[in-house]
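# Architecture at a glance
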Amino acid sequence: MAEMKKDMNVKEISPAVIKRLPRYYRYLGELLENEVVRISSKDLSERMKVTASQIRQDLNNFGGFGQQGYGYNVQYLYNEIGKILGLNHTNNVIIVGAGNLGQALANYQDFDKRGFKIVGLFDVNPRLVGISVRGVDIHDIDELPDFIKSNDVKIAALTLPKQHARQMAVELMNFGIKAFWNFAPIDLNLPENVIVENVHLAESLMTLSYKIHSELEKEEQ
C-alpha cells in the first residue's frame, strides 16, 4: 500500500485535472450541505457539466474512490480531495499591497474554511499601517523578513501595481516565500521551484465581453 501511494505521488498529473479538483471539492461541499450521502459519476457530471467518463478518469489519477454500483461516498470523496489539495493543513498567507483589492481579499471569510489563514497585510503607505482588517493588522513593508520567518509563511498574495510586482516577488522569494498568488497585471518569471498562480482580472473580464458580444451577434443574425 505504501509503495502504491509513493507511485501515485510521483505520477505526473495533468494541469487540467488539477484545475478541476477545486470544482469537485466545491460541488461536493454543496452536496454535503444538502445532506447528500452518495452520488454517481453520472449525477455529479450533470451538476458539474463534465462528462461522467472525465470524472472517473480524473479521480483514477488518485486511486478512484468509487465503488461499482454504489458511486461515491460524498463525505469521503470530499475529505480525500481536500487532502490532495493540501487543505488538511493550515496555510499561512500574507497579502502584499493593502489597497482596496488587498483588503477585499482579507475580508473574504471562506479562506479560513479552506485552510488558508491570512496572517498579515503589508503596505508602503504609512496611513494604512496599524489598521486592522477583519482582525488582521496591516504592517509596514520593512517588517516582511522577520514576519515571514516568525509566522512560517510560504504563500504571498500580490495585489500591487505591475511596476513593483516583479521586484517584490524576488525579495519575497529571498525571504522564504515558495508560492505566489499574483493579482498584478504582469506574468512573473521566477525559478521553476517557485509556484506562481496568476490571476488576471482584466483578461477574465475581456473574455466575458467577447462571449456576451458573440451571443448578441448571433441573436441579431
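In this report, we go over the structure that sits alongside the text.

### Quick look at the overall build of the protein
In terms of helices and strands, the protein carries 10 helices and 9 strands. C-alpha atoms of the protein, sized along the principal axes, occupy 60 × 60 × 35 Å. Counting every position in the protein, which comprises 221 residues, the buried fraction comes to 38%. Considering only residue pairs separated by 6 or more positions, the protein has 56% of its internal contacts joining residues 24 or more positions apart. For the protein, the exposed area adds up to about 14,100 Å²; of that, 51% sits on carbon and sulfur atoms. In the protein, the 25 positive side-chain charges and the 28 negative ones have mean positions that sit 6 Å from each other.

### Re the nonpolar core
Grouped together as the largest cluster of nonpolar side chains are 23 residues, with contacts concentrated most on Ile 94, Val 96, Leu 144, Leu 158, Leu 172 and Phe 180. Breaking this core down by element, the ones donating at least two residues are strand 3 (91-96), strand 4 (116-123), helix 8 (144-150), strand 7 (155-158) and helix 9 (162-175). Top element by residues in this core is helix 9. It accounts for 4 residues. Residues in contact with Leu 172, not counting those within four places in the same chain, are Ile 94, Val 96, Leu 144, Ile 148, Ala 156, Leu 158, Ile 177 and Phe 180. One finds Leu 21, Leu 31, Phe 62 and Phe 65 within the second-largest nonpolar core, a separate group that totals 22 residues.

### Things to note about the sheet that holds strand 4
If you trace the 7 strands from one edge of the open sheet to the other, you get 5-6-4-3-7-8-9, paired in mixed fashion. Two strands close off the open sheet at either side, each with one partner strand: strand 5 (132-133) and strand 9 (195-198). Pairing of strand 7 with strand 8 (residues 179-182) involves 4 bridges; the strand directions are parallel. When the bridges of strand 8 are listed, Ala 156 appears paired with Phe 180. In this fold helix 9 packs onto strand 3, strand 7 and strand 8, with an angle of close to 170° to the strand it touches most, strand 7.

### Things to note about the pairing of strand 3
When you tally the buried positions in strand 3, you get 5 out of 6 residues, the bulk of the element. Alignment of strand 3 against strand 4, held across 6 bridges, turns out to be parallel. Bridge pairing in strand 4 links Asn 91 to Phe 116. Looking at chain direction, strand 3 and strand 7 are connected through 4 bridges and run parallel. Following the sheet pairing, Val 93 is matched in strand 7 by Ile 155.

Rules used throughout
- Residues numbered from 1 in each chain as written.
- Predicted model: local features only at pLDDT ≥ 70, side-chain atom pairs only at ≥ 80, totals over all residues.
- Heavy atoms only, no water.
- Helix = DSSP H or I, 4+ residues; strand = E, 2+ residues; numbered from the N terminus.
- Buried < 20%, exposed > 50% of the residue type's maximum accessible area, 1.4 Å probe, protein only.
- Contact = heavy atoms within 4.5 Å.
- Areas by Shrake-Rupley, 256 points an atom, 1.4 Å probe, with all protein chains shown as cover.
- Lys, Arg positive; Asp, Glu negative; His and termini not counted.
- Charge placed at Lys NZ, Arg CZ, Asp CG, Glu CD.
- Core = buried A, V, L, I, M, F, W, Y, C linked by side-chain atoms within 4.5 Å.
- Pairing = 2+ DSSP bridges.
- Axes fitted to C-alpha atoms, helices over the stretch in contact; angles between N-to-C directions.

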